[in-house]
Amino acid sequence: MKKIFTIDNFIVGFIPALGYGLGFDIPKILGWEMWQCILLCFAIGGVLDAVANKIVFSKFVQSKTSHKILVSIAFLLIFLAIVQYVVVSWAELPILDYLIGQYVYIIIPAILGFAFNNVKRWYLTRKIRERYGDGSKGFLYDDVIKRSEVEEWNKQNQPIKGKYDTEYAVKTKTGIYVGYKENKCMFYMGIPYAKPPLGERRWKAPEPMPESNEIFEAKYFGASEIQVEHEGSILKHHRQSEDCLTLNIGFVRKKTNKKKPVLVLFHHGDFSYGGAADPLLYGDNLADTYPDIVAVSFNYRLGIFGFIDFSDIPGGKDYPDALNLGLLDQIAALKWIKENISTFGGDPDNITVMGFESGAISISLLAACKQAKGLFQKAFIFFGSPDNTYATSEKSRNLAKKLLEETSTATMQELQRLPTERLKDAAQKLWLNAAAPTRDGKLIPLNVFEAYKNGAAEGIEFIIGIASNERDTYKSFVGKQNYEEIMSKGLREFLAELDTDTAQSVKTYIEEQAKSIPKVEAQAKIFEQWSASCTYLSAMQLAKFGNEVRLIYWNATPLIKNLGSGTVDVVSALLGNSKTAQMYGKVLDSVISKILQTFFQKFMNGETIQLYNNELKGVDAIEWKVFPKALIVSNKKLQCKSIEDRLTEVEGLLEFFKNKV
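Note that this is a predicted model, so its numbers are computed, not measured. (Residues numbered from 1 in each chain as written. Predicted model: local features only at pLDDT ≥ 70, side-chain atom pairs only at ≥ 80, totals over all residues. Heavy atoms only, no water.)

Draft legend 1. Layout of the sheet that holds strand S2 (residues 175-178). The three strands lie next to each other as S1-S2-S5, forming an open sheet whose pairing is mixed. Both outer strands of the open sheet, strand S1 (169-172) and strand S5 (215-217), are each paired with one neighbouring strand and no more. Averaged over all pairs of adjacent strands, the angle between strand axes in this sheet comes to 25°, irrespective of strand direction. Pairing of S2 with S5, which is carried by three bridges, proceeds in the parallel orientation. By the bridge assignment, isoleucine 176 is partnered in S5 with isoleucine 215. (Pairing = 2+ DSSP bridges. Helix = DSSP H or I, 4+ residues; strand = E, 2+ residues; numbered from the N terminus. Axes fitted to C-alpha atoms, helices over the stretch in contact; angles between N-to-C directions.)

The structure is reproduced here in structure tokens:
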């Protein structure tokens with residue numbers, strides 16, 4: 001994918017090398033002091049290095065091969081003429097020996113750098129394989145998280161009554177927040193964007209924070225939302241509370257009058273687990289990766305606290321919004337961001353949302369939601385679509401009934417009196433019955449695609465992602481037993497939605513696959529194809545109705561097969577989370593990561609989404625074309641072509657979904 005050495009690298013290396021050499025040799029022949037020779041050497045070499053890079057890697061030169069050839073010839077002629085005159089005629093040195101010497105200085109560092117990166121990758125891969133083995137136990141954290149780190153992670157912000165560092169204070173409409181600086185980045189953590197949903201506000205729509213001039217610490221994450229604790233969920237180590245409606249802001253402080261694009265991260269987690277404190281969402285190289293954006297992450301209510309229908313329960317009519325509270329929280333967070341982000345240097349009219357799995361589903365729904373209109377302008381959606389939601393509230397109503405049975409209660413009044421821990425225990429036991437957002441016709445249109453057609457998502461640009469091996473990543477989060485149960489239960493529900501011929505094709509496919517792989521994996525392949533097809537059709541509909549849509553197809557081979565390749569890899573690549581990637585059993589490919597980061601930066605800035613030759617040194621030009629083409633990411637290369645034939649192996653499945661929409 002990236003060439004170790006190109007003619008461009010040769011030119012921008014050869015010319016400065018000559019400059020360094022001549023800058024040292026000439027004053028040495030003239031009898032200068034050694035320190036003077038060294039000083040002139042670095043001065044001339046540094047200037048020539050900057051000039052050569054600026055010219056050779058300029059857009060004009062890289063736009064055409066003929067430009068590159070002409071500039072390369074011109075550089076060589078000019079500098080060889082100088083060397084010929086200075087080295088041969090004046091200094092009386094053999095030119096061939098001199099040029100070979102300078103050439104060696106160019107080649108050897110490149111080879112050594114290449115070798116070092118490969119050795120480093122081999123070492124990291126070896127350590128990860130030692131820790132994870134075959135990866136059959138899913139994601140593991142207990143052996144890499146120190147108790148001191150957990151204690152630091154769980155500290156809480158406090159009100160400030162006395163003196164505080166005004167340099168790190170930012171005044172918003174809802175209070176003054178005092179953050180902290182780490183390296184080049186400013187962080188403001190655990191800022192509440194709505195009133196705590198406690199007491200009478202449990203299972204009620206989020207209420208805006210009142211205007212305030214009070215001063216608060218903003219150095220620590222707010223509590224994660226109450227959630228199901230799966231084997232592979234890292235947030236079981238983070239404190240949880242119903243008081244979870246907080247957000248976190250990070251940016252590089254620069255003196256500029258220009259407002260920065262805003263990136264808002266929607267966490268993954270199947271609407272039952274996950275949160276903004278997940279290390280995947282805060283990159284260890286965020287400042288270097290995106291120095292010119294303001295990044296925001298946030299929590300929203302999950303599971304029985306965020307998606308449940310109490311309409312059949314005595315007293316439930318007083319909780320009309322409980323069905324989609326998690327989405328209402330997301331809207332409340334976006335409204336707070338739009339109203340306050342300018343005080344952190346962000347542009348409230350240039351907000352990009354990024355979501356994975358459940359976060360992606362959420363964004364696809366908000367794009368059709370009137371209450372979210374105008375709250376974001378661009379969206380990155382990875383592996384999620386409106387079809388992953390419920391068409392009716394039947395499942396949410398059944399969940400409410402099962403909650404009453406599990407907690408031995410009969411009314412909403414009794415449920416309200418239950419302590420958080422009792423409800424958390426019930427949620428853990430009822431995980432397989434947990435609900436997702438429901439297309440209720442109130443908050444979410446009954447037909448999301450019809451809403452798209454009528455202009456609900458007008459003006460929003462999309463990048464929509466599909467993974468070829470997400471099923472193993474999902475299993476690594478939820479654990480093998482939960483994975484098998486959800487696949488078995490989900491397959492029955494899925495088959496019930498299909499017509500007779502398509503359902504038979506699915507059954508036949510599972511039978512054939514089960515001859516060579518475990519049956520649960522055959523079922524999982526069906527779900528992955530179903531999700532991939534639905535995500536693809538969502539992109540197709542948005543493009544059909546006038547939105548600019550680009551597809552990305554993640555087809556990289558997993559480092560460890562049982563850990564899969566999808567969400568974790570893409571999050572890590574886009575946010576630069578190299579250390580976190582290793583914790584999740586991955587080794588970040590720095591070239592792929594840099595390419596995707598460059599594309600995404602251009603996407604947020606509203607620039608043309610393409611690379612020209614050597615814009616990233618050693619990387620060929622890549623044009624990311626709009627739908628139906630897709631940017632296919634594999635281990636060896638990136639290419640832009642159609643992926644429709646890759647989505648499903650089941651005859652008639654994609655056609656069924658096409659007819660359905």
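Back to the text.
Draft legend 2. Broad picture of a positive patch on the surface. A surface patch of positive charge is lined by Lys625, Lys629, Lys637, Lys641 and Arg646. With respect to the helices and strands, the residue lysine 629 is situated in strand S15 (residues 629-633). (Patch = residues over 30% accessible without salt bridge, like charges linked within 9 Å, V, L, I, M, F, W, Y side chains within 5 Å. Areas by Shrake-Rupley, 256 points an atom, 1.4 Å probe, with all protein chains shown as cover. Salt bridge = Lys/Arg side-chain N within 4 Å of Asp/Glu carboxyl O. Lys, Arg positive; Asp, Glu negative; His and termini not counted. Charge placed at Lys NZ, Arg CZ, Asp CG, Glu CD.)

Draft legend 3. Just the pairing of strand S16 (residues 638-642), in detail. Here S15 runs beside S16; their pairing, made up of five bridges, is antiparallel. Looking at the pairing, isoleucine 632 lines up with glutamine 639 of S16. Between the end of S15 and the start of S16, which pair antiparallel, lie four residues.

Draft legend 4. Fine view of the packing of aromatic side chains. The full count for this structure, using the stated rule, is 31 aromatic pairs. Taking the centre distance of 5.8 Å and the plane angle of 55° together, the rings of phenylalanine 494 and tryptophan 530 count as tilted. Taken as a pair, phenylalanine 494 in helix H16 (residues 480-497) and tryptophan 530 in helix H18 (residues 519-544) lie far apart in primary sequence, 36 residues in all. Comparing phenylalanine 494 with tryptophan 530, the two get one shared label, buried. A connected cluster of aromatic rings, assembled from ring pairs, spans Tyr290, Phe356, Phe380, Phe382, Phe383, Phe600 and Phe603. Over the ring of tryptophan 203 we find arginine 202, and its NZ or CZ is 5.5 Å from the ring centre. (Phe/Tyr/Trp six-rings, centres within 6.5 Å; stacked < 30°, edge-to-face > 60°. Buried < 20%, exposed > 50% of the residue type's maximum accessible area, 1.4 Å probe, protein only. Lys NZ or Arg CZ within 6 Å of the ring centre and 35° of its normal.)

Draft legend 5. Representation of the pattern of salt bridges within the structure. This structure, assessed with the given rule, holds 24 salt bridges. In this structure, lysine 424 engages glutamate 229 in a salt bridge whose closest nitrogen and oxygen atoms are separated by 3.1 Å. You can see lysine 424 sitting in helix H13 (residues 420-429) and its partner glutamate 229 sitting in the loop between S5 and strand S6 (246-252), a full 195 residues away along the chain. Of the residues examined, lysine 424 reaches a relative accessible area of 12% and is grouped as buried. Among the residues examined, glutamate 229 registers a relative accessible area of 31% and is labelled partly exposed. A salt bridge links glutamate 615 to lysine 602; its shortest N-O distance comes to 2.9 Å. In this pair, glutamate 615 sits in the loop between strand S13 (610-611) and strand S14 (622-623) while lysine 602 sits in helix H21 (residues 590-605), placing the two residues 13 residues apart along the sequence. Here glutamate 615 falls in the partly exposed class, since its relative accessible area comes to 24%.

Draft legend 6. Structural context of the sheet that holds strand S9 (residues 346-356). A sheet is described by the order of its strands in space; here 11 strands give the open sequence S3-S4-S6-S8-S7-S9-S10-S11-S12-S15-S16, paired in mixed fashion. Each edge of the open sheet carries a strand with a single partner, namely strand S3 (180-182) and S16. Looking at each pair of strands side by side, their axes are set apart by 25° on average, direction ignored. Pairing of strand S10 (residues 378-382) with strand S11 (residues 461-467) involves five bridges; the strand directions are parallel. Directly across from phenylalanine 382, in S11, lies its bridge partner glycine 465. The strands that H21 touches are strand S7 (260-266), S9, S10, S11, strand S12 (549-554), S15 and S16; relative to S9, the one it contacts most, it runs at about 140°. (Contact = heavy atoms within 4.5 Å.)

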